[in-house]
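So you can see what is in the structure, the chains are spelled out below.
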Amino acid sequence: MNAELEPWKERIDAALRSAGSADPAPGLEGRILTRLAAERAAMEAHPARMGWFARMPRYSAPVLGVATASLVCAVIIVGSVDHSRVRHPGHVAPPVLVLPGHGLGAASAVHPAEPATAPVAAGPASRGRSVRHFSHPRARIAPNAKKATGVAVPAPTTNPQ
Amino acid sequence: MSCLETQLAGWAAPAPVANALETNESTSQTIAALVAEYSTALYRVAFSVTRNAAEAEDAVQETFLRVLKHQARLGEIRDYRVWLVRIVWNIVLDRKRRAKTRPENEDLADHARVLPSGEPGADQTAISSQEYARILALVDRLPRREREAILLSAVEELTTAEIASVLATTESSIRSRIFRARRELSALLEKEGISR
């Protein structure tokens, strides 16, 4: 890669040096100071409109900023609350939840029902459930399980013994 | 006057006049010292971009005018050189952006004037300055990051660390940008058919 650069290196360096080592015309400092003096005189003669702001102590600008931001936030909150009151005038009674005399909680309040007294049997169209045999802890599909038509399920396992 | 107004008036109270005058005087001296120490380096930074003596000088003057306007911040500056270079760099880039075009008023006499002493003759000087102008024109075609890094690296007074501060990046990034810039510049020179 350096071999690529090598033929041009000196020329590039020389060109960059010509741009980066330029000497200003004599008297640059004097011209700058003269212009600065003129500018300073103009600033003193006609102080800027925001001069009072520039003369403020350093910490006052952030304080004023925070105060302004707080004021804006307060206005926004008050405005939104007022707006809500206008859109929903008057008092609307909240929904009342009537709990039954018996039941186990909110679910029974929404769907009041007597608790089941016996296990619910599976319907004829329900899918087969696995039956756990304690002698063979592996789950097996009961031979008489009902299957929905069109659903591929493995054949019932039978004990060859 | 309300309580809030009283407090605001207290916060907004200006510094004592005597103190302000003293500060002004020392600030003027500080600015004069900055002009004496850094004006040449700033001129070189500006010239590396504008390649025009008048524009470069104008940019340097503008830099110190900005310093004067923000003289209250002088006490906060840790590295004046980097701070000033960043100001003049922004000024020249901003002007270049506004101009939209590359410097049409590029002055070959400026190049000739800054060539190292010991050049053989006027003809040779003219040829060299034209060639340098062509190479610097190719620098302008480099991607922004590479161009900025290589132009600032051309200014002798600036170290890699200072260039990194001005461009708000790391030294290693600056080194790799300069390397890429040189490589691409070589490729462009080859493509342009400039004789070796």
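Only a predicted model underlies this, so the values are computations on that prediction, with no experimental measurement involved. Chains are numbered independently. Their residues run from 1 in the order of the written sequence. Chain A is the first chain written and ligand 1 is the first ligand written, with later ones labelled in order. Local features are withheld for residues below a pLDDT of 70 in this predicted model, meaning they are given only at 70 or higher, and side-chain atom pairs are given and counted only at 80 or more; totals for whole chains, interfaces and linings count all residues. Water and hydrogen atoms play no part in the side-chain values, which are based on all heavy atoms of the structure.

A. Representation of the overall build of chain B. A run of H or I in DSSP counts as a helix once it spans at least four residues, and a run of E counts as a strand once it spans at least two, with each numbered from the N terminus. What chain B contains, in helices and strands, is nine helices and zero strands. Counting from the amino terminus, helix and strand elements in chain B follow one another as α-α-α-α-α-α-α-α-α. With 196 residues in all, chain B has 43% of them scored as buried. Contacts between residues were defined by any pair of non-hydrogen atoms, one from each residue, lying within 4.5 Å. Across chain B, the fraction of contacts at a sequence separation of at least 24, relative to all contacts at a separation of at least 6, is 66%. Accessibility here uses a 1.4 Å probe with only protein chains present; expressed as a share of the type maximum, an area under 20% marks a residue as buried, one over 50% as exposed, and anything in between as partly exposed.

B. Summary view of the overall build of chain A. Along the backbone of chain A there are five helices and two strands. Of the regular secondary structure in chain A, the N- to C-terminal order runs α-α-α-α-α-β-β. A separation threshold of at least 6 residues defines the contact pool for chain A, and within that pool the share at least 24 residues apart is 0%. In this description, accessible areas are obtained by the Shrake-Rupley approach with a 1.4 Å probe, and a residue is regarded as covered only by the protein chains that are shown. Accessible area for chain A stands at about 13100 Å²; split by element, carbon and sulfur atoms hold 64% of it.

C. Structural view of unusual backbone geometry. All names here are of chain B. The phi torsion at Arg51 lies on the positive side, around 55°, for a residue other than glycine. Structurally, Arg51 can be placed in the loop between α2 (17-50) and α3 (53-69). You will see that Ala168, though not glycine, has its phi angle at about 55°, which is positive. Structurally, Ala168 can be placed in the loop between α8 (160-166) and α9 (171-192).

D. Seen up close, the packing of aromatic side chains. Residue and element names in this part refer to chain B. Here a Phe, Tyr or Trp ring, Trp counted by its six-membered ring, pairs with any other such ring whose centre lies within 6.5 Å, and the pair is stacked when the planes are under 30 degrees apart, edge-to-face when over 60, and tilted otherwise. Tallied over the entire structure, the rule returns one aromatic pair over all chains. Relative to Phe47, the ring of Tyr43 lies with its centre 6.0 Å away and its plane at 20°, an arrangement referred to as stacked. Separated by four residues within a single helix, Tyr43 and Phe47 lie in helix α2, roughly one turn from each other. Both residues of the pair, Tyr43 and Phe47, belong to the buried class.

E. Main features of helix α4 (residues 80-99) of chain B. In this analysis, the expected span of each helix is defined as 1.5 Å times one less than the number of residues it contains. Look at α4(B): 28 Å from first C-alpha to last across 20 residues, which is about the 28 Å you get at 1.5 Å a residue. Among the residues of α4(B), the N-terminal cap falls to B:Asp79, whose side-chain oxygen and the backbone nitrogen of B:Arg81 are separated by 3.2 Å. For this analysis, a polar contact is any N or O atom pair within 3.5 Å, provided that within protein one partner can donate a hydrogen and the other can accept it, and provided that sequence-adjacent residues contribute only side-chain to side-chain pairs.

F. Looking closely at α3(B). All names here are of chain B. For α3, built from 17 residues, the straight-helix expectation of 24 Å at 1.5 Å per residue is met to within 8% by its first-to-last C-alpha distance of 24 Å. Buried within α3 we find Ala53, Ala56, Glu57, Ala59, Val60, Gln61, Thr63, Phe64, Leu65, Val67 and Leu68. Its side-chain oxygen placed 3.1 Å from the backbone nitrogen of Ala54, Asn52 serves as the N-cap of α3.

G. Structural context of the environment of B:Ser176. Positionally, B:Ser176 belongs in helix α9. Through-space distance from the C-alpha of B:Ser176 to that of B:Glu146 is 8.8 Å; in sequence the pair is 30 residues apart.

H. Layout of the packing of α3(B) against α4(B). All names here are of chain B. Between α3 and α4, the shortest axis-to-axis distance is 9 Å and the interhelical angle comes to 125°. Relative to α4, α3 is oriented oblique. Of the two possible hands of crossing, α3 and α4 adopt the one that is right-handed. Where α3 approaches α4, its residues Glu55, Asp58, Ala59, Val60, Glu62, Thr63, Phe64, Arg66 and Val67 are matched on the opposing element by Trp83, Leu84, Ile87, Val88, Ile91, Val92 and Arg95. Where helices are involved, their axes are fitted lines through C-alpha atoms of the stretch in contact, as for all axes, and angles between N-to-C directions lie from 0 to 180°. When describing relative orientation, an angle under 35 degrees is termed roughly parallel and one over 145 degrees roughly antiparallel, while 65 to 115 degrees is termed roughly perpendicular and anything else oblique. Should the near helix be turned anticlockwise from the far one by less than a right angle, the crossing is termed left-handed; should it be turned clockwise, right-handed.

I. Structural view of the environment of B:Arg180. Along the chain, the position of B:Arg180 falls in helix α9. Here the alpha-carbon distance between B:Arg180 and B:Arg147, two residues 33 residues apart in the chain, equals 9.7 Å.

J. Examining the packing of helix α7 (residues 144-153) of chain B against α9(B) more closely. Residue and element names in this part refer to chain B. One way to put it is that α7 packs onto α9 with a least axis distance of 8 Å and a crossing angle of 100°. Judged by the angle between their axes, α7 and α9 are roughly perpendicular. Note on element contacts: α9 touches α7 through Ile174, Arg177, Ile178, Arg180, Ala181, Arg182 and Leu185, opposite Arg145, Glu146, Ala149, Ile150 and Ser153. Class assignment for the residues of the contact of α7 with α9 results in six nonpolar, one polar and five charged. Each residue receives one of three labels: charged for Asp, Glu, Lys and Arg, nonpolar for Ala, Val, Leu, Ile, Met, Phe, Trp, Tyr, Cys and Pro, and polar for the others, Gly being one of them.

K. Representation of the pattern of salt bridges within the structure. In the sections that follow, a salt bridge refers to a side-chain nitrogen of Lys or Arg positioned within 4 Å of a carboxyl oxygen of Asp or Glu. With the rule as written, the count across this model stands at 15 salt bridges over all chains. With its nearest N and O atoms 3.5 Å apart, the salt bridge here joins A:Arg11 to B:Glu131. Here A:Arg11 is found in helix α1 (residues 2-20), whereas its partner B:Glu131 is found in helix α6 (residues 122-139) on a different chain. Salt-bridge contacts for B:Arg182 lead to A:Asp13; the nearest nitrogen and oxygen are separated by 2.5 Å. Taken together, the residues B:Arg182 in helix α9 and A:Asp13 in helix α1 connect one chain to another. Within the structure, one salt-bridge network assembled from shared partners comprises A:Lys9, A:Asp13 and B:Arg182.

L. Representation of the nonpolar core within the structure. Residues and elements named next belong to chain B. Residues belong to one nonpolar core when they are buried, are Ala, Val, Leu, Ile, Met, Phe, Trp, Tyr or Cys, and are joined through side-chain atoms within 4.5 Å. Within the largest apolar cluster, 63 residues are counted, with the highest numbers of intra-cluster contacts made by Phe64, Trp89 and Leu152. Throughout, the edges of the domains are those of an automatic or database domain assignment. If you count residues domain by domain, this core takes at least three from each of domain 1 (7-100) and domain 2 (120-196). Once you skip the residues sitting within four places of it in the chain, Leu152 turns out to touch Val45, Val85, Trp89, Leu158, Ile163, Val166 and Leu167.

M. The arrangement of the confidence of the model for chain B in detail. What pLDDT conveys is the predictor's confidence in a given residue, as a value from 0 to 100. With 72% of its residues at a pLDDT of at least 70, chain B reaches an overall mean of 77. Confidence, expressed as mean pLDDT per element, reaches its minimum in chain B at helix α1 (residues 3-11) of chain B with 38 and its maximum at α3(B) with 92.

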